[in-house]
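Next come the chains, spelled out residue by residue.
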Amino acid sequence: MYATIDRETLKNKLDNHEDIHLIEVLAEKEFQRLHIRGAEHIQFGEIGKIAKQRFKPDDEIIVYCADKACKASPTAAKKLDTMGFTNVYDYEEGKKDWVEAGYPVEGREAGAHA
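Bear in mind the structure is a predicted one, so any value in this text is a computation, not a measurement. (Residues numbered from 1 in each chain as written. Predicted model: local features only at pLDDT ≥ 70, side-chain atom pairs only at ≥ 80, totals over all residues. Heavy atoms only, no water.)

In terms of strand pairing, strand 1 (residues 3-4) meets strand 6 (residues 88-91) through two bridges, oriented parallel. Across the sheet, A3 pairs through a bridge with Y89, a residue of strand 6. Where strand 5 (residues 60-64) lies against strand 6, four bridges are found, and the strand directions are parallel. Residue Y64 lies in a different strand from strand 6, and its bridge partner there is Y91. A crossover connection joins strand 5 to the parallel strand 6 through helix 4 (residues 72-82); in handedness this β-α-β unit is right-handed. (Pairing = 2+ DSSP bridges. Helix = DSSP H or I, 4+ residues; strand = E, 2+ residues; numbered from the N terminus. Right-handed = clockwise from strand over helix to strand, strands pointing away.)

And the structure:
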């Protein structure tokens with residue numbers, strides 16, 4: 001069963017350069033517009049196919065989407081879990097929470113959030 005992860009725990013993992021895969025599961029245009037620094041993009045509808053090719057079953061995978069109301073990341077986390085990935089987390093507060101905290105972002109609109 002996948003678990004959730006909070007903003008501070010995620011930030012610590014990124015700051016400590018832990019070996020994680022942080023994946024934004026929103027549409028490509030949303031990822032290009034703004035994403036958490038260091039995140040990869042895999043649209044949630046493609047997560048199963050791409051994850052099998054790129055990740056090992058015990059890799060730490062953290063997925064996120066827009067905010068708590070967004071269902072893309074819990075859907076992606078559940079999919080990964082059912083595929084046998086054993087170290088999956090959903091940052092359910094998502095990009096909105098990260099940006100509101102003033103944490104590092106990348107993308108076309110990153111300058112507006114610096």
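Right, picking up where we left off after that structure.
Glancing now at the pattern of salt bridges. Applying the stated criterion to the full structure yields 14 salt bridges. Residue R7 pairs with E8 through a salt bridge whose shortest N-O separation is 3.2 Å. Taking the shortest distance from any N to any O, the salt bridge between K96 and E100 comes out at 2.9 Å. You can see K96 and its partner E100 sitting in helix 5 (residues 94-100), four residues apart, about one turn around the helix. (Salt bridge = Lys/Arg side-chain N within 4 Å of Asp/Glu carboxyl O.)

A few words on the sheet that holds strand 6. In spatial order, the strands read 1-6-5-2-4; together these five strands make up an open sheet with parallel pairing. Taken across any chain shown, the strands that pair with only one partner, and hence form the sheet edges, are strand 1 and strand 4 (40-41).

Before going further, it helps to examine the pairing of strand 2 (residues 20-24). Extensive coverage of strand 2 is indicated by the burial of five of its five residues. Burial along strand 2 is two-sided: I20, L22 and E24 facing one way and H21 and I23 facing the other are all buried. Across five bridges, the pairing between strand 2 and strand 5 is parallel. Bridging across to strand 5, I23 finds its partner in V63. Here strand 2 runs beside strand 4; their pairing, made up of two bridges, is parallel. (Buried < 20%, exposed > 50% of the residue type's maximum accessible area, 1.4 Å probe, protein only.)

The next subject is the packing of helix 3 (residues 47-54) against helix 4. Where helix 3 contacts helix 4, the axes come no closer than 10 Å and their chain directions differ by 50 degrees. In terms of axis orientation, helix 3 runs oblique to helix 4. The chirality of how helix 3 crosses helix 4 is right-handed. Seen from helix 3, the contacting residues are I47, G48 and A51; seen from helix 4, they are A76, K79 and L80. Of the residues that constitute the contact of helix 3 with helix 4, the class distribution is four nonpolar, one polar and one charged. (Axes fitted to C-alpha atoms, helices over the stretch in contact; angles between N-to-C directions. Parallel < 35°, antiparallel > 145°, perpendicular 65-115°, else oblique. Left-handed = near helix turned anticlockwise from the far one by under 90°. Contact = heavy atoms within 4.5 Å. Nonpolar A, V, L, I, M, F, W, Y, C, P; charged D, E, K, R; others polar.)

With respect to the secondary-structure elements, E40 resides in strand 4. Its relative accessible area of 19% is what places E40 among the buried residues. In this structure E40 touches H21, L22, I23, E24, F31, R54 and F55, once residues within four positions along its chain are discounted.

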